[in-house]
Amino acid sequence: VSGLPITLSNGLGITSASFELHYDPALLNLQNVSLAAGLPAGATVSLNTSTPGVAIVSFNSPTALPAGAVRLLNLHAHVPATAPYFAKQVLNLSNTL
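To keep things clear, this report deals only with the structure shown in the data block. (Residues numbered from 1 in each chain as written. Predicted model: local features only at pLDDT ≥ 70, side-chain atom pairs only at ≥ 80, totals over all residues. Heavy atoms only, no water.)

Another point: the overall build of the protein. Along the protein, the regular secondary structure elements total zero helices and seven strands. For the protein, the N- to C-terminal ordering of α and β elements is β-β-β-β-β-β-β. Principal-axis analysis of the C-alpha atoms gives the protein an extent of 45 × 25 × 20 Å. Sorting the 97 residues of the protein into buried and exposed places 32% on the buried side. Residue pairs at least 24 apart in sequence account for 77% of intrachain contacts in the protein once pairs closer than 6 positions are excluded. Only carbon and sulfur atoms are counted for the fraction: they give 57% of the accessible area of the protein, which is about 5,800 Å². (Helix = DSSP H or I, 4+ residues; strand = E, 2+ residues; numbered from the N terminus. Buried < 20%, exposed > 50% of the residue type's maximum accessible area, 1.4 Å probe, protein only. Contact = heavy atoms within 4.5 Å. Areas by Shrake-Rupley, 256 points an atom, 1.4 Å probe, with all protein chains shown as cover.)

If you walk across this open sheet you meet the three strands as 1-6-3, and the pairing is antiparallel. Edge positions in the sheet fall to strand 1 (4–8) and strand 3 (29–35), since each has one partner strand and no second. Pairs of neighbouring strands in the sheet enclose a mean axial angle of 25°, with direction left out of account. Bridging between strand 3 and strand 6 (residues 70–78) involves six bridges; their strand directions are antiparallel. (Pairing = 2+ DSSP bridges. Axes fitted to C-alpha atoms, helices over the stretch in contact; angles between N-to-C directions.)

Turning next to the nonpolar core. Core analysis: the biggest nonpolar cluster contains 20 residues, and Leu39, Leu65, Leu72, Leu73 and Leu75 have the highest contact counts within it. Elements with a contribution of two residues or more to this core: strand 1, strand 2 (16–22), strand 3, strand 5 (54–60) and strand 6. What Leu65 contacts, discounting residues up to four positions off in sequence, is Leu8, Gly11, Leu12, Gly13, Ile14, Leu39, Pro40, Phe59, Val70 and Leu72. (Core = buried A, V, L, I, M, F, W, Y, C linked by side-chain atoms within 4.5 Å.)

Okay, the packing of aromatic side chains next. Enumeration according to the criterion identifies one aromatic pair in this entry. Both rings, one in Tyr85 and one in Phe86, keep their centres 4.4 Å apart while their planes meet at 65°; by these two values the pair is edge-to-face. In this pair, the class of Tyr85 matches that of Phe86, namely exposed. (Phe/Tyr/Trp six-rings, centres within 6.5 Å; stacked < 30°, edge-to-face > 60°.)

Moving on, we get to the pairing of strand 5. Residues in a regular strand point their side chains to alternate faces of the sheet. Pairing of strand 2 with strand 5, which is carried by seven bridges, proceeds in the antiparallel orientation. Note that in strand 5 the partner of His22 across the bridge is Val54. With six bridges joining them, strand 4 (residues 44–51) and strand 5 adopt antiparallel strand pairing. Bridge assignment links Thr44 to a residue of strand 5, and that residue is Asn60.

Right, let's get into unusual backbone geometry. With a phi close to 70°, Phe86 is a non-glycine residue in the positive phi region. One can find Phe86 in the loop between strand 6 and strand 7 (92–94). When its relative accessible area of 72% is taken as the criterion, Phe86 is described as exposed.

In structure tokens, the structure reads:
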């Protein structure tokens, strides 16, 4: 499976979730997001990158998720060719709901 996996430590009863991912667009280019395998039929995920350096991810499911760890989605990204060699930055999750 490709992409940066996003996993919930406990999915019990969750039907929706959202978060912001703050990143440096000079070091990372977020391309898209995909649902992880095994999620309920009809589940959807969206990615909004209209503000540079902020990705808003939203997940919705018509059926509640099961208890326990649940792989929710995969963020697909690449490092731009213009990124400085050895450059790094922390990916910061915020506004998790």
